[in-house]
Structures are given as C-alpha cells and as structure tokens.
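Examining the three-dimensional arrangement
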Amino acid sequence: MVTITGKGKRKRNKSILFIITIMLTLILFIISDLTKPVNSISQSVEVSIPAGSSNQRIAKILVDKKLIKSDLAFIFYSKFLGYDKKLKAGNYILDPSDS
C-alpha cells in the first residue's frame, strides 16, 4: 500500500486545481463565444416557425437563417432556462445582431 505524504498531497491538489481552472476558463470562453451576436450589422430576417415545431426544429431554422451559431447551444440554453416549452409558432422579424 502506498501512502502519499503531505508534499505529495499538496502537489496533487495543485495539479487538480490547475486542471479545473483550465477547464472552467475553456467553458467560459465557449459560452462567451456562443452568446455573441452572429452578425454585428443590423439586417432584419423574417423567420416562420411552423405550428408544432420542436425545440430542435426551431434551432435548425434559426441556424439556417444564420440567426444563431449553434443549434446545440440553443437547445441546451432554452431547456436550461425553461423556454423550450414556451416557444411559439408564428412569423417573426429578427435581427442577427440581437442573437
């Protein structure tokens, strides 16, 4: 049986803390990038969401219209905030700089 001394535990804890810091930084960078507007130029886009569209279908429509960067980010974000059940069909005029 191998026991870790005080110095070994501290070194391991520092390594774990370093890895966690790098991972959190990477996650924050990705989230920051995905939540930036797709386009800074204001150009309205008409979007039609058919009745009965799923969260996934709406995400695909928005990606196809270049209003969002990632359908997966949209799906996750809308589920996380509870909007996935509140999305409604209809015709919308959206601005890519607001995405």
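Residues numbered from 1 in each chain as written. Predicted model: local features only at pLDDT ≥ 70, side-chain atom pairs only at ≥ 80, totals over all residues. Heavy atoms only, no water.

**Things to note about helix α2 (residues 55-64)**
The line we're drawing: Exposure is judged per residue with a 1.4 Å probe applied to protein chains only, and the accessible area is read against the type maximum: over 50% gives exposed, under 20% gives buried, and values in between give partly exposed. Only runs of H or I of at least four residues qualify as helices and only runs of E of at least two qualify as strands under DSSP, and these elements are numbered from the N terminus. Working note: the arc is built from the helix axis to C-beta atom directions.
Looking at α2, one finds that the buried residues are N55, I58, A59, I61 and L62. Projection of α2 onto a plane perpendicular to its axis shows the buried side chains occupying an angular sector of 160 degrees, all on one side. Looking at the residues trailing α2, positive phi occurs at K66, about 60 degrees.

**Structural notes on the nonpolar core**
Rules: Buried Ala, Val, Leu, Ile, Met, Phe, Trp, Tyr and Cys residues form a nonpolar core when they are joined through side-chain atoms within 4.5 Å. Whether two residues touch is decided by their heavy atoms; if any such pair falls within 4.5 Å, the residues are in contact.
One finds V45, V47, I49, I58, A59, I61, L62, L67, I68, F74 and I75 forming the largest nonpolar core, which totals eleven residues. Sorting the residues of this core by element identifies β1 (45-49), α2 and α3 (71-81) as the ones contributing at least two each. Looking at this core element by element, the count peaks at four residues for α2. If we skip the residues at most four places from it in the chain, V45 touches K65, L67, Y92, I93, L94 and P96.

**Re the pattern of salt bridges**
Heads up, the condition is: Salt bridge, as applied in this entry: a Lys or Arg side-chain nitrogen positioned within 4 Å of an Asp or Glu carboxyl oxygen.
If you walk through the whole model with that rule in mind, you get one salt bridge. The salt bridge partner of D64 is K60, with a shortest N-O separation of 3.0 Å. Within this pair, D64 and its partner K60 are both found in helix α2, separated by four residues, close to a single helical turn. Residue classification places D64 among the partly exposed positions, given a relative accessible area of 48%. The partly exposed category is assigned to K60, whose relative accessible area is 44%.

**A short note on the packing of aromatic side chains**
Note the following rule: Pairs were defined over the aromatic rings of Phe, Tyr and Trp, the Trp ring being its six-membered one, requiring ring centres within 6.5 Å. Orientation was assigned from the angle between planes: stacked under 30 degrees, edge-to-face over 60, tilted for the rest.
By the definition in use, this model includes one aromatic pair. A centroid spacing of 5.9 Å and a plane angle of 15 degrees characterise the contact between F76 and F80, whose relative ring orientation is stacked. Within this pair, F76 and its partner F80 are both found in helix α3, separated by four residues, close to a single helical turn.

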